[in-house]
Amino acid sequence: MPREGPRHDGDAHLLLAAHVHALAQLPYGALLARSGSAVRELVDGLDGTAYVRCTRVVRERRGGEEQVRLVVDVAPPGGAAVAEEVLVATPDGRVRSAWSRPGAASRRSPDAAPVGLLAAGAVLAVLLAVTLLVALG
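Residues numbered from 1 in each chain as written. Predicted model: local features only at pLDDT ≥ 70, side-chain atom pairs only at ≥ 80, totals over all residues. Heavy atoms only, no water.

### Some words on the side chain of Glu66
In step 1: Here Glu66 is to be found in strand S3 (residues 65-75).
In step 2: Residue classification places Glu66 among the buried positions, given a relative accessible area of 16%.
In step 3: A distance of 2.9 Å separates a polar atom in the side chain of Glu66 from a polar atom in the side chain of Tyr28.
In step 4: At 2.4 Å, the side chain of Glu66 forms a polar contact with the side chain of Arg59. (Helix = DSSP H or I, 4+ residues; strand = E, 2+ residues; numbered from the N terminus. Buried < 20%, exposed > 50% of the residue type's maximum accessible area, 1.4 Å probe, protein only. Polar contact = N/O pair within 3.5 Å; in protein donor to acceptor, adjacent residues only side chain to side chain.)

Have a look at this one:
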């Protein structure tokens with residue numbers, strides 16, 4: 001059951017982090033196979049609030065080298081994105097965050113450090129722990 005009062009977009013950030021982490025685990029070939037696609041899916045936050053998660057995959061060339069750009073955003077139905085991340089995957093298996101918007105635009109350099117898998121793992125652990133607590137009552 002959704003919480004009453006103002007929207008709590010922390011769930012949107014958890015849904016984004018979990019999906020970005022899962023995408024970062026895929027081999028380059030699997031990401032390349034998804035190029036040209038845009039997937040919109042209805043997902044629920046921990047409190048049951050509905051969000052729309054959109055994942056767009058684009059194959060591109062940068063500096064003569066092939067790469068795959070993934071854009072993931074999470075928004076309330078009919079609303080603007082409240083969380084967004086752009087990933088870049090290269091044929092050598094690297095996946096890095098190009099930039100993210102955790103509510104307000106805060107662009108990161110295209111040469112930013114790789115996606116923090118440890119941080120994403122911590123977010124997933126918290127997500128699982130809260131899900132278990134909610135399920136157990």
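### Considering the environment of Gly78
In step 1: On the secondary structure map, Gly78 appears in the loop between S3 and strand S4 (83-89).
In step 2: In this structure Gly78 comes out as exposed when scored by relative accessible area, which is 93%.
In step 3: Taking the C-alpha atoms as reference points, Gly78 and Val52, 26 residues apart in sequence, are found 8.5 Å from one another.

### Considering the pairing of S3
In step 1: Burial analysis of S3 places ten of its eleven residues in the buried class, the great majority of the element.
In step 2: When strand S2 (residues 50-62) meets S3, the two strands line up antiparallel, connected through eleven bridges. Considered in S3, the bridge of Val57 is made with Leu70.
In step 3: Connecting S2 to the next strand, S3, in antiparallel fashion are two residues, including Gly63 with a positive phi near 60°. (Pairing = 2+ DSSP bridges.)

### Some words on the environment of Ser35
In step 1: By the element assignment, Ser35 lies in the loop between helix H2 (28-33) and strand S1 (38-44).
In step 2: Given the relative accessible area of 27%, Ser35 is considered partly exposed.
In step 3: For the pair Ser35 and Arg59, spaced 24 residues apart in sequence, the C-alpha to C-alpha distance is 5.4 Å.
In step 4: Setting aside residues up to four positions removed in sequence, Ser35 forms contacts with Val57, Val58 and Arg59. (Contact = heavy atoms within 4.5 Å.)

### A look at the pairing of S1
Each regular strand shows side chains that alternate between the opposite faces of the sheet.
In step 1: Of the pairings in the sheet, the one linking S1 to S2 comprises seven bridges and is antiparallel in character. By the bridge assignment, Ala38 is partnered in S2 with Arg56.
In step 2: Between S1 and S2, which pair antiparallel in sequence order, lie five residues; one of them, Gly48, sits at a positive phi of approximately 90°.

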